[in-house]
Amino acid sequence: MADPRRRVPATDGVLGTPQVRAAVSRLGRDLVKRVVHSAQQRARTGEIAPEQVVETALSALPEAATGMREVLNATGVLLHTNLGRAPLSDAAVEALRGAAGTTNVELDLGTGRRGPRGASVVEALLDAVPAAEAAHVVNNGAAALALAATALAQGREIVLSRGEMVEIGDGFRIPELLCSTGARLREVGTTNRVRPADYADAVGPDTGFLLKVHPSNFVITGFAASVPVSELSGLAPPLVADIGSGLLHPHPALPDEPDATTTLADGADLVIASADKLLGGPQAGLLLGRADIVQRLRRHPLARALRCGKLTLAALEATLRGPRTPVAEALRQDQATLLRRAERIAAELTGAGVLARARPSTATVGGGGAPGVELPSAAVALPHGFAGRLRAGRPAVLARIERGECLLDLAALPADRDRTLVAAVGAVA
Ligand SMILES: *Cc1c(COP(=O)(O)O)cnc(C)c1O
């Protein structure tokens, strides 16, 4: 009998088999070759038979050329930062495909000349918020703040209430970002109380702008007072409002959440917001307001470093122009409908021998928005041990652990994913 090592198939032979060729076109030659080499090595050491090289390589190949894959959001947190915040609408996904190749992001197709980057997105923003004279889009909310602080207050002062010196998450502190631009903070008031006169006293020749920051993820209750935008607009320097989660108009279900239209009507000169929070779009930072201020931001050298790519611009425009976003849909659902979905899923799982039970639950907005707002929801309760297995499954499912149970909350999960969810649970039962 010949040495089995001599029967290990050659790399070119393995790469030439139809299934492996298909994998090469999906994943690229280098990645597939590495996996094939490792299967050949296992055959040489006798760990697998030479005939098993192709199947071993195929089963070791990743599904996609990226480690990022779909995770079903069963946490009941509508905007989960670790899951990429807002899921995009079908219209936005379609726009991503359209822009993925070469596209007219900086070309005026009428004249054939170079045009302003993302002009149609700015138009869509201004159509959505007529109260804004001009708009500009950057990489995210933090970039929008950094641009405003650099262009309007570098070497000067930003007047900010001590009660609005916010940490958003993952150690991101707005005051530290502001100081990193070379602006100085002029703190006014105390942690719990600030008055209009505190701001007025702080304003002087060194003032770059007054800043209002929405305390996105906490509330101060008790002996507390803050100054609304409307009471600050009379003071001379520009008034910048970081509203956080990006509502363009008031939302009936979220009465305490600030929105761009109202904030501008109240007298803010510039509004800053994130597009991937309640607006339900891709990650981007929105700057809306006075034309002369937006023009200064757009012309600043830093703007180039903070600009977003064609994919973001395409998805953002489709979000603004297109149908209701998944986030907006999620905010509209009523508990009875969610409970019916939970009961259907629980019944199917019970039929498959899984210990599952539907029950009411409470969802939250998340993403640093609407703190304290409870959204009536429904969930499927499973035994605790499911959580880890679901997370490792395909597609992965992120559940919520509550009082020793693994809860699959349906508030953040589009109804068209219910079947996938049932299959994912069944696969790890
Ligand atoms: C979320 C948030 C930010 C940061 O926005 P990113 O888009 O995450 O960079 C800034 N300010 C407020 C008030 C926020 O809620």
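Residues numbered from 1 in each chain as written. Predicted model: local features only at pLDDT ≥ 70, side-chain atom pairs only at ≥ 80, totals over all residues. Heavy atoms only, no water.

Ranked by internal contacts, the top residues of the largest apolar core, which has 36 residues, are Val 137, Tyr 199, Leu 248, Leu 286, Leu 288 and Leu 316. Going through the elements one at a time, helix 6 (119-128), strand 3 (134-138), helix 9 (196-202), strand 9 (239-244), helix 10 (260-265), strand 10 (270-274), strand 11 (285-289) and helix 13 (310-321) are the ones with two or more residues in this core. Top element by residues in this core is helix 6. It accounts for five residues. If we ignore the near neighbours within four places in the chain, the residues touching Leu 248 are Ala 128, Val 129, Asp 259, Ala 260, Thr 261, Leu 279, Leu 286 and Leu 320. The next biggest cluster of nonpolar side chains, apart from the first, holds 31 residues, and it includes Ala 151, Leu 152, Ile 158 and Leu 287. (Core = buried A, V, L, I, M, F, W, Y, C linked by side-chain atoms within 4.5 Å. Buried < 20%, exposed > 50% of the residue type's maximum accessible area, 1.4 Å probe, protein only. Helix = DSSP H or I, 4+ residues; strand = E, 2+ residues; numbered from the N terminus. Contact = heavy atoms within 4.5 Å.)

Moving on, we come to the site of the ligand. Surveying the vicinity of the ligand reveals 14 residues, the closest of which are Ala 142, Ser 216, Asp 242, Ser 274 and Lys 277. A distance of 2.8 Å is found between an oxygen atom of the ligand and a side-chain nitrogen or oxygen belonging to Ser 274. Every element with two or more residues in the shell around the ligand is listed here: helix 7 (141-153) and strand 9. For the shell around the ligand, the residue count by class is four nonpolar, seven polar and three charged. (Near = heavy atom within 4 Å. Polar contact = N/O pair within 3.5 Å; in protein donor to acceptor, adjacent residues only side chain to side chain. Nonpolar A, V, L, I, M, F, W, Y, C, P; charged D, E, K, R; others polar.)

Below, the discussion takes up the UniProt feature "domain: L-seryl-tRNA selenium transferase N-terminal" (unreviewed entry) in the protein. Cross-referencing UniProt, the feature "domain: L-seryl-tRNA selenium transferase N-terminal" (unreviewed entry) maps to residues 5-44 in the present numbering. Measuring from the first to the last C-alpha atom of residues 5-44 gives 5 Å, for a span that is 80% helix and 0% strand. (UniProt positions renumbered as here; feature names shortened; annotations may be inferred.)

This paragraph deals with the environment of Ala 143. Its location among the elements puts Ala 143 in helix 7. When the C-alpha positions of Ala 143 and Ala 284 are compared, they lie 8.7 Å apart, and in sequence the two are 141 residues distant. Ala 143 has contacts with Val 138 and Leu 306, leaving out every residue within four places of it along the chain.

Attention shifts here to the pattern of salt bridges. In this structure the tally under the stated criterion is 24 salt bridges. Put simply, Arg 42 and Glu 47 hold a salt bridge, and the shortest N to O gap is 3.0 Å. The exposure class assigned to Glu 47 is exposed, which follows from its relative accessible area of 52%. The closest approach of N and O atoms between Asp 409 and Arg 400, which form a salt bridge, is 3.1 Å. Here Asp 409 and Arg 400 have matching classes, each one buried. Beyond isolated ion pairs, a larger network of salt bridges with shared partners links Arg 357, Arg 359, Arg 400, Glu 402, Glu 405 and Asp 409. (Salt bridge = Lys/Arg side-chain N within 4 Å of Asp/Glu carboxyl O.)

Attention now goes to the sheet that holds strand 9. Hydrogen bonding along the main chain pairs the strands of a sheet, whether they run parallel or antiparallel. Spatial strand order, 3-11-10-9-8-4-7: seven strands in an open sheet with mixed pairing. Of all strands in the sheet, those bounded by a partner on one side alone are strand 3 and strand 7 (184-188). Neighbouring strand axes in the sheet, compared pairwise and without regard to direction, differ in orientation by 25° on average. Taken together, the four bridges between strand 4 (residues 157-161) and strand 8 (residues 207-213) define a ladder with parallel strand orientation. Its bridge partner lying in strand 8, Glu 157 is registered against Thr 207. In the packing of helix 6 onto the sheet, contacts are made with strand 3 and strand 11, and the angle to strand 3 comes to roughly 125°. (Pairing = 2+ DSSP bridges. Axes fitted to C-alpha atoms, helices over the stretch in contact; angles between N-to-C directions.)

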